[in-house]
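# Descriptive analysis of the structure
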Amino acid sequence: MKHKTMKNNNLKTSITIFSMLLCFGLFAQGPPGGGQGGRGGQDRSQREKPSVSKIMELLDTNNDNKIDKDEASQDKRGKISEDFDEIDANADGFVDYEELDASLNNRKPKEISAEKIIKQVDDNGDGTLNELEVAAKDKRQLLKEFENIDTNKDNELDLEELKAFYSKMNNKKRKQRD
């Protein structure tokens, strides 16, 4: 009886030691792919940047091809939400593909052109923008600042008023970067 019990104890000990060695061997190899912490052995600076298209796909939940502040708040890393105003180069309340691309690639986004805004927003073709046109095109920053931009108080934003506004905006952004 004593011999049988000793034999069982030796078997249990052998199985335990074998299991432990097997587990240590598996854990020593790390995750599949040989990486560390799921990063494939690369530190943050070596990792591939996410593509603009992928970020837009993930965050643009209403599929309007731009990211608003609510959508940006869903960014798991929080970087877009944290830097939203800096990324939103034209201060329209949205981050579009071009702005996001410029930000990810450390390029300066194109400065907004007053002529381009008039071309995009002027529905009646009179060369000026009224509040209805601005609201219809969802240009939040212009709508919010409409009264300040409309320096001649004619309830229309003309090319000169828009140029002055965007010039101030661009100067303010430059000062913030410096």
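See the structure printed just above.
Reading the values: rules and limits
Residue positions are given per chain, counted from 1 along the sequence in the order it is written. Per-residue local features are limited, in this predicted model, to residues with pLDDT of at least 70; the limit for side-chain atom pairs, both in listing and counting, is 80 or more; totals at the level of whole chains, interfaces and linings are taken over all residues. To obtain the side-chain values, all non-hydrogen atoms of the structure were included, while hydrogens and water were left out. Secondary structure follows DSSP: runs of H or I at least 4 residues long count as helices, runs of E at least 2 residues long count as strands, and numbering of each begins at the N terminus. The classification of residues rests on relative accessible area computed with a 1.4 Å probe and restricted to protein chains. Under 20% of the type maximum is buried, over 50% is exposed, and intermediate values are partly exposed. Contacts were defined at the residue level, with two residues in contact if any of their heavy atoms lie within 4.5 Å. Per-residue accessibility takes into account occlusion by the displayed protein chains alone, with areas from the Shrake-Rupley method and a 1.4 Å probe. In plain words, nonpolar cores are sets of buried Ala, Val, Leu, Ile, Met, Phe, Trp, Tyr and Cys residues tied together by side-chain atoms within 4.5 Å.

### Some details on the overall build of the protein chain
Within the protein chain, the regular secondary structure consists of 11 helices and two strands. Element order for the protein chain, N to C, with α for helix and β for strand: α-α-β-α-α-α-β-α-α-α-α-α-α. Expressed as a percentage of the 178 residues in the protein chain, the buried residues total 29%. Expressed as a percentage of contacts within the protein chain between residues at least 6 apart in sequence, the contacts between residues at least 24 apart total 44%. About 13000 Å² of surface is accessible on the protein chain, with carbon and sulfur atoms providing 51% of the total.

### Looking at the nonpolar core
When a protein is soluble and globular, its nonpolar side chains tend to lie buried together. One finds Ile-117, Leu-129, Leu-142, Leu-162 and Tyr-166 to be the most contacted residues of the largest nonpolar core, which totals 14 residues. Counting residues per element, the ones that place at least two in this core are α7 (114-121), α10 (146-149) and α11 (159-177). Apart from residues lying up to four places away in sequence, Ile-117 is in contact with Ile-112, Asp-122, Leu-129, Lys-139, Leu-142, Leu-162 and Tyr-166. Ranked by size, the runner-up nonpolar core spans 12 residues in total, among them Ile-55, Ile-80, Leu-100 and Leu-104.

Distances and angles like these do not, on their own, reveal function.
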